[in-house]
Amino acid sequence: MSPVAIASPHPNGNGDAAPVRPLHRGIYVPTVAFFEPETDELDPKATARHATRLAGSGIAGLAVQGSNGEAVHLLSHERSLVTKTTRAALDAAGHADMP
């Protein structure tokens, strides 16, 4: 039996209901935060490219900021940017059902 994501009325914290994306059996890949080498600012373009490439490789899903430890070193708005950028890239690439 595969685990299923449970949807609360406002799972994304901003009052909007997010779609339920079941968790399927398979490999879930942790992603890292990419930074611009010249400025040390987050690099949303690299984040989006990486998420899209991984999604196209046949994995079951992504674990954004899931196990590499950088999340605790990012500010709240930076963590949000990485998550939103990843979700937008997956949706745009036809992987809207990928958790």
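Since this is a predicted model, take the numbers as computed values, not measurements.

Parameters at a glance
Residues numbered from 1 in each chain as written. Predicted model: local features only at pLDDT ≥ 70, side-chain atom pairs only at ≥ 80, totals over all residues. Heavy atoms only, no water. Core = buried A, V, L, I, M, F, W, Y, C linked by side-chain atoms within 4.5 Å. Buried < 20%, exposed > 50% of the residue type's maximum accessible area, 1.4 Å probe, protein only. Helix = DSSP H or I, 4+ residues; strand = E, 2+ residues; numbered from the N terminus. Contact = heavy atoms within 4.5 Å. Salt bridge = Lys/Arg side-chain N within 4 Å of Asp/Glu carboxyl O. Expected span 1.5 Å × (residues − 1). Axes fitted to C-alpha atoms, helices over the stretch in contact; angles between N-to-C directions. Parallel < 35°, antiparallel > 145°, perpendicular 65-115°, else oblique. Left-handed = near helix turned anticlockwise from the far one by under 90°. pLDDT = per-residue confidence, 0-100.

1. Thoughts on the nonpolar core
Here is step 1: Counting seven residues, the largest nonpolar core is built from Ala51, Leu54, Ala55, Ile59, Leu62, Leu90 and Met98.
Here is step 2: For this core, the element with the highest residue contribution is helix 1 (residues 44-55), accounting for three residues.
Here is step 3: Each residue touching Leu62, except ones within four places of it in the same chain, is listed here: Tyr28, Val29, Thr31, Ala51, Leu54, Thr86, Leu90, Met98 and Pro99.

2. Structural notes on the pattern of salt bridges
Here is step 1: Applying the stated rule across the entire model yields one salt bridge.
Here is step 2: Arg87 is the salt-bridge partner of Asp91, the closest N and O atoms lying 3.0 Å from each other. One end of the pair is Asp91 and the other is Arg87, both in helix 2 (residues 76-92) and four residues apart, which spans about a single turn.

3. Some points on the environment of Gly56
Here is step 1: Following the sequence through the fold, Gly56 ends up in the loop between helix 1 and strand 2 (61-64).
Here is step 2: Between the C-alpha atoms of Gly56 and Leu90, which are 34 residues apart in sequence, the distance is 9.5 Å.

4. Structural notes on helix 2
Here is step 1: For helix 2, which comprises 17 residues, the first-to-last C-alpha distance of 24 Å matches the rise-based estimate of 24 Å (1.5 Å per residue) to within 8%.
Here is step 2: Listed in full, the buried residues belonging to helix 2 are Glu78, Val82, Thr85, Thr86, Arg87, Ala89 and Leu90.
Here is step 3: If you follow the buried residues of helix 2, they end up packed against helix 1 and strand 2.
Here is step 4: Just downstream of helix 2, Gly94 is the residue with a positive phi angle, here 85°.

5. Some words on the packing of helix 1 against helix 2
Here is step 1: Where helix 1 contacts helix 2, the axes come no closer than 8 Å and their chain directions differ by 45°. By the angle between their directions, the pair helix 1 and helix 2 is classed as oblique. In this structure, helix 1 meets helix 2 at a crossing whose hand is right-handed. For the pair helix 1 and helix 2, contact is made by Pro44, Thr47, Ala48, Ala51, Thr52 and Ala55 and by Leu81, Val82, Thr85, Thr86, Ala89 and Leu90, respectively.

6. Regarding the confidence of the model for the protein
Here is step 1: Confidence along the protein averages 85 in pLDDT terms, with 83% of residues attaining 70 or more.
Here is step 2: A low-confidence stretch, residues 1-10 (pLDDT under 50), is modelled with 14 contacts involving residues beyond four sequence positions or located in other chains.

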